Amino acid sequence: MLAVLSPGQGSQKPGFLTPWLDLTGAESRLRWWSALAGVDLVHLGTAADAEEIKDTARTQPLLVAAALLAADQLPLYDVAVTVGHSVGELGAAAVAGVLTPEAAITLAGVRGREMAAACALEPTGMAAVLGGDPDEVLAAIEAHGLHPANRNGAGQIVAAGSLEALDKFAAEPPARTRVIRLQVAGAFHTPYMAPAETALARVAAGITPADPVRILLSNLDGSAVSHGREMVQRLVRQVTAPVRWDLCMRNLADLGVTGVIELPPAGTLAGLVKRELKATGAPEIVTLNTPDDLPAARDLIARHSGLRGHEPVIQFRVVVSPAAGTFAPAEGLAEGADLRTGQVIGHVATRQGPVEVTAHDSGLLTEWLAHHDDPVAPGQPLARIGGHA
């Protein structure tokens, strides 16, 4: 099973888009996207220095544009899973078919500008906490009046809040930890970003999303999102909510992902996945940073796709759990039944109540992968739908 990852802020490097502009149509596409984002993406990706591309208002649309520019060069028809980190979720949502590239770039431009404006309201920042006991780290973050903005797994939690509180936290770090201040403009993914969330919500309300065509994991809780409108709501909410990359990686493992491609600027997420999943068998990873990496990415797709030649084949789509709880198939629904898009095939009983599980495509219910009263995790496969390609 293949997964495509879209990176977030902090992964950019000066000039990283330069080699991509040699591809046919790349520069004109970036200029069109620049008009939508309100920044010069060609300049930012080629000639701008590190200080210029550190500006949140510029960085966010630049990262989404880079991911989509590279994704367009790949045969993504057989990629099963996509997930992004922070602003990278906009790129992942476009790869999953929820957003058009134009909508993703536009939202990234608004998100970046509004988060930069929120950062200017009061002095805040972020710090990475490496090592230590996770529960002790979280308790210390709370005790200092800070927020756990990112839980990245692989022994890394990011604290965010006022600069004064961060200074006190660094002076009294939790046991067996190292605290590193991050060069960011403010406390992303915390209540300090509330004005940005409000502004983004106003623009996002005008978006007409589609339902995802592949498994799309959410930073909010690692769960697979089946409906486009829900994903847009989550993208807005994520501005002030912590990034649960640890839960996203857990579900990559639960889904049985064997191959991973990280879109440019690649490396950070691939490193986290490699470290976090090594105990259970890390997937084969390709970091896509220049067009020279495209052959390796295409080869990975070919070897992990399961397609054979050019003859029509049976293609299977997996319906996954939207939440943690216990699964109950719809009464009377048996393997071999014809399903229609949007049909309710069961429910997951959660602490908050039952959550519907719907078929995201039409076809035959070829196999139940979970049964009555089975405990399930977000993103866990529940059923397989087959149909002639």
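Residues numbered from 1 in each chain as written. Predicted model: local features only at pLDDT ≥ 70, side-chain atom pairs only at ≥ 80, totals over all residues. Heavy atoms only, no water.

J.: Lay out helix H7 (residues 163-171) with the relevant residues and their values.
T.: All buried positions along H7 are accounted for by Ala165, Leu166 and Phe169. Viewed along the axis of H7, the buried residues span an arc of 100°, placing them on a single side of the element. When the buried face of H7 is taken as reference, the exposed residues oriented beyond 90 degrees from it are Glu164 and Ala171. In the core, the buried residues of H7 are packed alongside strand E3 (124-131), helix H6 (134-143), strand E5 (156-162) and strand E6 (177-181). (Buried < 20%, exposed > 50% of the residue type's maximum accessible area, 1.4 Å probe, protein only. Helix = DSSP H or I, 4+ residues; strand = E, 2+ residues; numbered from the N terminus. Arc of directions from axis to C-beta. Contact = heavy atoms within 4.5 Å.)

J.: Tell me about the layout of surface pockets, and please be specific about residues and values.
T.: Leftover empty space is mapped by rolling, across the atoms, a probe with the size of a water molecule. Here the second largest pocket is characterised by a volume of approximately 660 Å³. The set of elements that each furnish at least two residues to the lining of the second largest pocket consists of E3, strand E4 (147-153), E5 and helix H11 (268-277). Among the elements that make up the lining of the second largest pocket, the one with the highest residue count is H11 (four residues). Taken together, the residues that form the lining of the second largest pocket break down as 12 nonpolar, 13 polar and four charged. Residue assignment places the lining of the second largest pocket across two domains, with domain 1 (2-114 + 190-304) and domain 2 (120-182) each supplying three or more. (1 Å grid on protein atoms, 1.4 Å probe; cavity = no way out; pocket = protein on both sides within 12 Å on 5 of 7 lines; lining within 4 Å. Points joined across faces, edges and corners; volume = space filled by probe spheres on them. Nonpolar A, V, L, I, M, F, W, Y, C, P; charged D, E, K, R; others polar. Domains from an automatic or database assignment.)

J.: Quick one: what's the story with the domain arrangement of the protein, residue by residue and with numbers?
T.: Per the domain assignment, the segments making up the protein are domain 1 (2-114 + 190-304), domain 2 (120-182) and domain 3 (316-386). For domain 2 and domain 3, the distance between their C-alpha centroids amounts to 39 Å.

J.: Outline empty space enclosed by the protein, supporting the account with residue identities and numerical values.
T.: This structure, assessed with the given rule, holds one cavity of 30 Å³ or more. A volume near 40 Å³ is recorded for the largest cavity. Taken together, Leu90, Leu107, Arg111, Leu200, Ala204, Val232, Leu235 and Val236 make up the lining of the largest cavity. Secondary structure elements with two or more residues in the lining of the largest cavity: helix H5 (101-119), helix H8 (194-204) and helix H9 (228-237). Broken down by element, the lining of the largest cavity gets its largest block of residues, three residues, from H9. Considered class by class, the residues forming the lining of the largest cavity number seven nonpolar, no polar and one charged.

J.: Got a sec to walk through the environment of Asp246? Specific residues and values, please.
T.: Considering the arrangement of structural elements, one finds Asp246 in helix H10 (residues 245-254). Residues Asp246 and Pro329 lie 83 residues apart in sequence; the distance between their C-alpha atoms is 29 Å. Setting aside its immediate chain neighbours within four residues, Asp246 contacts Arg151, Asn152 and Gly153.

J.: Hey, could you go over the pattern of salt bridges for me, with residue numbers and the actual values?
T.: All told, the structure shown has 13 salt bridges when counted by the stated rule. With its nearest N and O atoms 3.9 Å apart, the salt bridge here joins Arg176 to Glu136. With Arg176 in the loop between H7 and E6 and Glu136 in helix H6, this residue pair connects regions lying 40 residues apart in the sequence. Residue class for Arg176 comes out exposed when judged on its relative accessible area of 61%. The exposure class assigned to Glu136 is partly exposed, which follows from its relative accessible area of 41%. Residue Asp246 is joined to Arg244 by a salt bridge in which the shortest nitrogen-to-oxygen separation is 2.8 Å. (Salt bridge = Lys/Arg side-chain N within 4 Å of Asp/Glu carboxyl O.)

J.: Explain the sheet that holds strand E1 (residues 2-6) to me, and be specific about the residues and the numbers.
T.: One open sheet accounts for five strands, arranged E7-E2-E1-E8-E9; its pairing is parallel. For this open sheet the edge positions go to strand E7 (215-216) and strand E9 (284-287), each flanked by a neighbour on one side alone. As defined by bridge partners, strand E2 (residues 81-84) adjoins E7 across two bridges and the pair is classed as parallel. In the strand pairing of E7, Val81 is matched with Ile215. This element, helix H4 (residues 88-95), spans E1, E2 and E7 of the sheet and lies at about 160° to E2. Here H11 sits on the sheet in contact with E1, strand E8 (259-262) and E9, set at roughly 165° to E9. (Pairing = 2+ DSSP bridges. Axes fitted to C-alpha atoms, helices over the stretch in contact; angles between N-to-C directions.)

J.: I'd like to hear about the side chain of Asn152, residue by residue, with values.
T.: Here Asn152 lies in strand E4. Polar side-chain contacts of Asn152 include one of 2.9 Å to the side chain of His85. One polar contact links Asn152 to Gln156, side chain to side chain, over a distance of 2.7 Å. Asn152 has contacts with His85, Val158, Trp245, Asp246, Met249 and Leu272, leaving out every residue within four places of it along the chain. (Polar contact = N/O pair within 3.5 Å; in protein donor to acceptor, adjacent residues only side chain to side chain.)

J.: Please give an account of the side chain of Gln60 that cites residues and values.
T.: Inspection of the secondary structure assignment puts Gln60 in helix H3 (residues 56-71). In this structure Gln60 comes out as buried when scored by relative accessible area, which is 0%. Among the polar contacts made by the side chain of Gln60, one reaches the main-chain amide nitrogen of Gly112 at a distance of 3.5 Å. Apart from residues lying up to four places away in sequence, Gln60 is in contact with Gln9, Val87, Ala108, Arg111, Gly112 and Met115.

J.: So what's going on with H11? Residues and values would help.
T.: Every buried residue of H11 is listed here: Leu269, Ala270, Gly271, Leu272, Val273 and Leu277. Elements that come into contact with the buried residues of H11 comprise E1, E4, H10, E8 and E9.

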